[in-house]
Amino acid sequence: MHRITIMPQGWQFDAPDGETLLKAAEAAGIRLPSSCRNGTCRTCFCQSAGGAVRYLIDWPGLSFDEKREGYVLPCVAVAESDLTLFAPAARRN
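Residues numbered from 1 in each chain as written. Predicted model: local features only at pLDDT ≥ 70, side-chain atom pairs only at ≥ 80, totals over all residues. Heavy atoms only, no water.

**Comments concerning the pattern of salt bridges**
The test is simple: The salt bridge criterion pairs a side-chain nitrogen of Lys or Arg with a carboxyl oxygen of Asp or Glu, the two atoms within 4 Å. Segments assigned H or I by DSSP are reported as helices when at least four residues long, segments assigned E as strands when at least two residues long, and all are numbered from the N terminus. Between buried and exposed lies partly exposed: a residue is buried under 20% and exposed over 50% of the maximum accessible area for its type, with that area taken using a 1.4 Å probe on protein chains only.
The full count for this structure, using the stated rule, is five salt bridges. For Asp14, the salt bridge identified is with Arg3, shortest N-O distance 3.1 Å. One end of the pair, Asp14, is in strand S2 (residues 11–15); the other, Arg3, is in strand S1 (residues 2–7), with 11 residues separating them in the sequence. With relative accessibility at 37%, the residue Asp14 sits in the partly exposed group. A salt bridge links Asp65 to Arg68, with the nearest nitrogen and oxygen atoms 2.8 Å apart. Residue Asp65 and its partner Arg68 are both found in helix H2 (residues 64–68); the two are separated by three residues, about one turn of the helix. Relative accessible area serves as the criterion here: at 38%, Asp65 is assigned to the partly exposed category.

Printed below as a string of structure tokens:
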């Protein structure tokens with residue numbers, strides 16, 4: 001279980017091991033922008049301020065530079081540590 005913080009709102013939720021950030025957010029009543037849910041459309045694209053993720057697919061729709069700069073796709077990303085995501089378009093359900 002890892003603690004996820006959504007900024008700039010400051011909302012927090014726990015992401016169970018093996019569950020995508022998108023699904024964990026939804027279970028906590030937080031709606032992140034999403035569409036395809038398979039890592040290609042980039043609707044859920046956001047930036048992490050630290051922490052580690054792993055992906056459920058070999059090569060999600062992120063460039064090498066985007067990954068290096070901390071961008072993530074929550075629909076196919078699983079938390080490997082506590083992390084902070086910058087998702088200004090996130091909403092409460």
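Having seen the structure, we can now continue with the description.
**A few points about the pairing of S2**
Filter applied, for reference: Note: two strands are recorded as paired if DSSP finds a minimum of 2 bridges between them.
The side-chain alternation of S2 yields one buried face, formed by Trp11, Phe13 and Ala15, and one unburied face, formed by Gln12 and Asp14. Pairing geometry for S1 and S2, over five bridges, is antiparallel. Among the inter-strand pairings, Arg3 is bridged to a residue of S2, identified as Asp14.

**Observations concerning the packing of aromatic side chains**
Cut-off, in case you're wondering: Classification of ring pairs uses Phe, Tyr and Trp, with its six-membered ring standing for Trp, and accepts pairs whose centres are within 6.5 Å; under 30 degrees between planes counts as stacked, over 60 as edge-to-face, and the remaining range as tilted. Throughout this description, the term charge over a ring refers to an Arg CZ or Lys NZ atom that lies within 6 Å of the ring centre and within 35 degrees of the ring normal.
The tally for this structure, following the rule as stated, stands at one aromatic pair. Seen from their ring centres, Phe45 and Tyr71 are 4.7 Å apart, and the 5° between their planes marks the pair as stacked. Separated by 26 residues along the polypeptide, Phe45 in the loop between strand S3 (30–31) and strand S4 (46–48) and Tyr71 in strand S6 (residues 71–72) bring together distant segments of the chain. By relative accessible area, Tyr71 is classed as partly exposed at 23%. A cation sits over an aromatic face here: Arg42 above Phe45, 4.5 Å from the ring centre.

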